[in-house]
Amino acid sequence: MGAKWQRLRQWWGLHAGARFFVTLAVISLVPVVALGTVMATQYRSELRSRGVAQGRLQAALISRLITDNLLEQVTLKSGVNVVERTRLDRLADTQVDSGIITRFRLRGPDLRIVYSSDGSGLRFGPAVGDSTELTGQSASDVLTALQGQPIASIVKTSASGQKAEVIEAFAPMYNVRTHQLIGVLQAELPYAPIAAQMNAGLHQLYLALGSGLLILYLVLATLVWWFTRELARTAARFEHQALHDALTDLPNKALFADRISQTATLVERGGGIHLGPGRRGGGAAVVLFNLDKFRDINEAIGQVNGDVVLTTVAERLRNTVRAVDTVAGLGGDLYGLILAGVEKQDQIEAAAARINRAVEEDIVLEDFDVPVRVTGSMGVVFMPKNGTNAEVLLSRADVALNVAKTSHSKLVCYDDEQNNYSPDRLAMIGQLRAAVDNDELRLHYQPKVSQPDGRVICVEALVRWQHPQRGLLSPDQFVPLAEQTGLIDDLTRWVLTTALRQLTLWRRVMPELSVAVNISERSLNHLDLPQMVFDALNETGADAASLVLEINEAALVSDPERAGVVMEHLSGAGVRLSLDDFGEGFTSLSQLSGLPLNELKIDRIFVQDMLNGPNDSAIVRSVVELGHNLNLQVIAEGVETAEILAGLNELGVNAAQGYFFTPPLPATEIMDWIGANTPSNQPPQ
């Protein structure tokens with residue numbers, strides 16, 4: 001019984017339509033029952049009233065018949081004589097046999113029974129009675145009749161030992177000649193025919209109500225079924241819309257996060273993810289895939305065609321992955337993927353290669369003769385390696401994607417070192433804010449050595465952080481953090497001021513010496529950078545021409561127009577500008593010729609590999625020739641051997657920098673090194 005009840009409860013919980021129907025049925029039953037009750041009560045009351053009225057009328061007719069035809073005496077005080085009794089008996093037989101009445105009595109003006117059709121109520125013989133037998137309602141009714149008003153009511157009697165309802169009627173009797181009240185007729189009429197008629201009518205009423213209720217239920221059931229089906233369809237449609245991207249019809253971010261949670265649950269249980277017949281995988285990869293420079297593409301081809309590109313990419317992603325995988329549309333040109341069973345670097349690289357091949361195929365648009373080709377970048381996290389919480393995994397995948405976009409890589413797998421919002425990084429943010437005030441920052445300097453004479457013409461200022469617990473930290477351990485949290489401006493301002501203040505001291509013995517400071521991409525795109533530089537120059541009293549600002553080639557890509565405005569402002573004030581890490585391939589020759597540059601620094605990768613083959617040497621030679629043709633000084637960084645330095649001199653570089661000369665040194669040591677390594681024929685001034 002318990003199991004059946006439990007199954008019934010489960011069925012009830014799952015069938016909203018049944019619950020809705022039962023609720024409506026119960027609600028509709030209440031007014032129907034109430035209506036039936038009211039109608040039945042009114043019908044019963046009406047029939048009873050009709051019976052009472054019929055009793056009054058019948059009593060009045062019998063009373064008139066008796067007084068007009070059957071009585072000879074003027075009064076009933078002395079009872080009835082034999083002739084009158086015989087007539088009355090004959091009338092009683094006729095009326096009783098016909099079923100009109102069951103019995104009747106004649107009462108005198110003193111209410112004594114003087115005649116009874118069945119002999120009841122007579123104590124002293126058939127001629128004169130001596131009993132009233134009046135109680136309750138009957139006593140009240142007979143008094144009303146004595147006042148000249150016929151009256152009737154329904155009472156219960158015990159005739160022949162059986163209880164039954166009858167209509168008891170009282171009618172006044174008048175002498176036909178004198179019209180004086182001579183007595184009262186008491187008649188009992190059968191109520192059974194009226195009750196039978198009433199029951200039949202009630203039966204018809206109940207049958208009609210029941211049939212109507214059944215029809216109502218059938219209509220309700222049909223309506224509930226139809227509405228439930230429509231509601232289910234509407235709810236399913238709304239749910240689909242709420243959980244899917246409107247453009248691509250792919251699962252949206254909410255459903256994607258839920259799918260990640262479901263996959264994580266399977267991974268945590270240890271049973272693995274079902275990949276097919278007899279195949280299971282222990283983990284999965286969560287991938288964020290973002291199209292490269294889609295905003296530019298969208299502006300070029302228009303929003304309508306841009307939507308075609310997005311839907312085409314969505315379809316290609318869907319066709320590339322397996323049935324057990326998930327592809328989601330996370331808004332705009334961002335897609336999400338869950339790749340079941342992909343747990344290692346080589347697996348994700350193979351999957352990424354398939355995805356890229358599919359996505360990068362030409363997309364033919366109706367309005368364009370030239371097909372469109374798009375590429376994308378991926379940020380990847382692995383579960384359970386990088387976590388099992390959907391929010392954490394998405395956040396870390398986003399970190400990896402940002403690294404991929406910044407580094408122009410097609411695929412980057414998450415590493416804790418990339419996450420600027422890990423607990424360690426968050427702690428470092430607070431510590432870095434206080435590092436300036438606590439005098440924890442240090443500047444080390446690496447010389448740029450003129451070639452071929454070997455003179456030191458400039459020193460590059462490189463910031464270090466003397467962390468209280470972690471020791472001396474190199475720039476790559478905290479500068480990216482400063483760039484992404486807004487601390488880079490404070491850091492740049494400190495480096496500029498400190499380096500220029502130190503330079504003013506050194507120029508007392510080396511008037512031609514200059515100092516180089518690196519400017520980040522974020523700082524270069526701030527229109528207030530020139531004012532920051534001018535403030536530092538004014539504060540330290542340094543000459544603008546003695547300051548070299550080194551700008552990474554990649555910094556010119558994000559907003560070249562704004563960067564150009566900033567560089568023109570700085571160059572116009574006499575500050576020298578150097579393009580750092582040249583050769584990474586971001587700057588076009590036309591763009592390069594339009595920049596107010598003073599020098600080019602060849603990227604260390606080309607310098608270190610220049611002796612490995614003719615191609616690398618040719619690249620360095622081309623950069624040197626390009627720089628000289630643009631009237632720029634060419635500096636090679638990353639020089640680590642005498643052989644590389646000799647090769648650079650053959651190519652005609654203007655200066656060199658690297659560990660072959662010295663690693664970056666503190667301010668207290670760099671001048672000693674310069675003094676010890678200045679050519680004998682070129683003493684410090």
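Parameters and conventions
Residues numbered from 1 in each chain as written. Predicted model: local features only at pLDDT ≥ 70, side-chain atom pairs only at ≥ 80, totals over all residues. Heavy atoms only, no water. Helix = DSSP H or I, 4+ residues; strand = E, 2+ residues; numbered from the N terminus. Buried < 20%, exposed > 50% of the residue type's maximum accessible area, 1.4 Å probe, protein only. Contact = heavy atoms within 4.5 Å. Areas by Shrake-Rupley, 256 points an atom, 1.4 Å probe, with all protein chains shown as cover. Expected span 1.5 Å × (residues − 1). Arc of directions from axis to C-beta. Patch = residues over 30% accessible without salt bridge, like charges linked within 9 Å, V, L, I, M, F, W, Y side chains within 5 Å. Salt bridge = Lys/Arg side-chain N within 4 Å of Asp/Glu carboxyl O. Pairing = 2+ DSSP bridges. Axes fitted to C-alpha atoms, helices over the stretch in contact; angles between N-to-C directions. Phe/Tyr/Trp six-rings, centres within 6.5 Å; stacked < 30°, edge-to-face > 60°. Parallel < 35°, antiparallel > 145°, perpendicular 65-115°, else oblique. Left-handed = near helix turned anticlockwise from the far one by under 90°. Nonpolar A, V, L, I, M, F, W, Y, C, P; charged D, E, K, R; others polar. pLDDT = per-residue confidence, 0-100. Core = buried A, V, L, I, M, F, W, Y, C linked by side-chain atoms within 4.5 Å. Lys, Arg positive; Asp, Glu negative; His and termini not counted. Polar contact = N/O pair within 3.5 Å; in protein donor to acceptor, adjacent residues only side chain to side chain.

Here the focus is the overall build of the chain. If you tally the helices and strands in the chain, you get 22 helices and 22 strands. By the burial criterion, 44% of the 685 residues in the chain qualify as buried. For the chain, the share of sequence-separated contacts (at least 6 apart) that also reach a separation of at least 24 residues comes to 63%. Put simply, the chain shows about 35100 Å² of open surface, and 54% of that area lies on carbon and sulfur atoms.

When the terminal C-alpha atoms of helix α20 (residues 614-629) are compared, their 22 Å separation across 16 residues agrees well with the 22 Å that a helix rising 1.5 Å per residue should span. Listing the buried residues of α20 in full gives S617, V620, V623, V624 and G627. Axial view of α20: buried residues confined to an arc of 125°, hence all on one face. Summarising the geometry of α20, the exposed residues directed more than 90 degrees from the buried face are P614, N615 and N629. Contacts from the buried residues of α20 go to β18 (576-582), β19 (599-602), α19 (604-608), β20 (633-637) and α21 (642-651). Positive backbone phi, at 60°, marks N631, one or two positions downstream of α20.

Our focus in this paragraph is a nonpolar patch on the surface. Taken together, the side chains of I215, V219, L223, W225, W226, F227 and L231 define a hydrophobic patch exposed on the protein surface, amounting to about 720 Å² of accessible area. Looking at where I215 falls in the secondary structure, it is placed in helix α5 (residues 192-243). Residue I215 is classed as exposed on the basis of its relative accessible area, which comes to 52%.

Those residues of helix α7 (residues 294-301) that sit buried are F294, I297 and I301. Down the axis of α7, the buried side of the element spans an arc of 60°, and every buried residue falls inside it. Structural note: α7 exposes R295 and E299 on the side pointing more than 90 degrees away from its buried face. Positive phi appears at G302, one or two residues downstream of α7, with a value of about 95°.

Glancing now at the sheet that holds strand β11 (residues 376-383). Whether parallel or antiparallel, the strands of a sheet pair through hydrogen bonds between backbone atoms. Across the sheet, five strands lie side by side as β9-β10-β8-β11-β12; this open sheet has mixed pairing. Only two strands of the sheet have a single neighbouring strand rather than two, namely β9 (326-329) and β12 (411-413). Averaged over all pairs of adjacent strands, the angle between strand axes in this sheet comes to 20°, irrespective of strand direction. Running at roughly 145° to β11, helix α10 (residues 390-406) makes contact with β8 (284-291), β10 (334-340), β11 and β12 of the sheet.

So, about the packing of aromatic side chains. Taken as a whole and judged by the stated rule, the model has five aromatic pairs. Relative to F478, the ring of W465 has its centre 5.7 Å away and its plane inclined at 80°; by these criteria the two rings are edge-to-face. Placement of the pair is W465 in strand β14 (residues 456-467) and F478 in the loop between β15 (471-473) and α12 (479-485), with a sequence separation of 13 residues. The residues W465 and F478 share a single accessibility class, namely buried. Where F660 meets F661, the ring centres are 5.3 Å apart and the plane angle is 75°; that geometry is what we call edge-to-face. Relative accessible area serves as the criterion here: at 34%, F660 is assigned to the partly exposed category.

Our next topic: the packing of helix α15 (residues 529-540) against helix α17 (residues 560-572). The relative placement of two packed helices comes down to the angle between their axes together with the axis-to-axis distance. Relative to each other, α15 and α17 sit at 25°, their axes nearing to 9 Å. As summarised for this structure, α15 and α17 are arranged roughly parallel, according to the angle between their axes. Crossing hand, α15 versus α17: right-handed. For the pair α15 and α17, the contacting residues are L529, P530, V533 and F534 in the first and V566, H569 and L570 in the second. Each residue belonging to the contact of α15 with α17 can be placed in one class, and the counts come to six nonpolar, one polar and no charged.

Attention shifts here to the confidence of the model for the chain. Of all residues in the chain, 87% attain a pLDDT of 70 or more, and the chain-wide mean is 82. Confidence drops under pLDDT 50 across residues 124-130; counting only partners more than four residues distant or on other chains, this segment forms 18 contacts.

Attention shifts here to the nonpolar core. In terms of nonpolar packing, the biggest core is built from 81 residues, with L524, V533, L547 and L549 touching the most fellow members. The biggest single contributor to this core is helix α13 (residues 488-506), with nine residues. Apart from the residues lying within four places of it in its own chain, the contact partners of V533 are L496, L547, L549, L570 and V575. A169, I182, M198 and L202 belong to the second largest nonpolar core, which has 35 residues in total.

The subject of this paragraph is the pattern of salt bridges. This structure, assessed with the given rule, holds 20 salt bridges. Between D362 and R373 there is a salt bridge whose closest N-O contact spans 3.0 Å. Of this pair, D362 sits in the loop between α9 (345-359) and β11 while R373 is found in the loop between α9 and β11, placing the two residues 11 residues apart along the sequence. For R373, a relative accessible area of 57% gives the class exposed. For R493, the salt bridge is made with D490, and the minimal N-O distance between the two is 3.1 Å. Taken together, the residues span about one helical turn, with R493 and D490 both in helix α13 at a distance of three residues. Judged by its relative accessible area of 39%, R493 falls in the partly exposed class.

Quick look at the side chain of D581 now. With respect to the element layout, D581 can be found in strand β18. Of the side chains with opposite charge, R604 comes closest to the buried, unpaired D581, at an N-O distance of 5.5 Å. For D581, the side chain forms a polar contact with the side chain of N552, separated by 2.7 Å. Setting aside chain neighbours within four positions, we find D581 in contact with N552, E553, K601, D603 and E637.

Moving on to unusual backbone geometry. Negative phi is the rule for most residues except glycine; trans is the rule for most peptide bonds. Residue P384 follows M383 across a cis peptide bond; omega there is 10°. Position of P384 relative to the elements: it lies in the loop between β11 and α10. That bond from Q451 to P452 is cis: its omega, 5°, falls within 30 degrees of zero. Looking at the element boundaries, P452 is found in the loop between β13 (441-450) and β14. Although it is not a glycine, L111 sits at a positive phi angle of roughly 75°. Relative to the helices and strands, L111 resides in the loop between β1 (103-107) and β2 (113-116). Positive phi values are uncommon outside glycine, yet D581 reaches one of about 55°.

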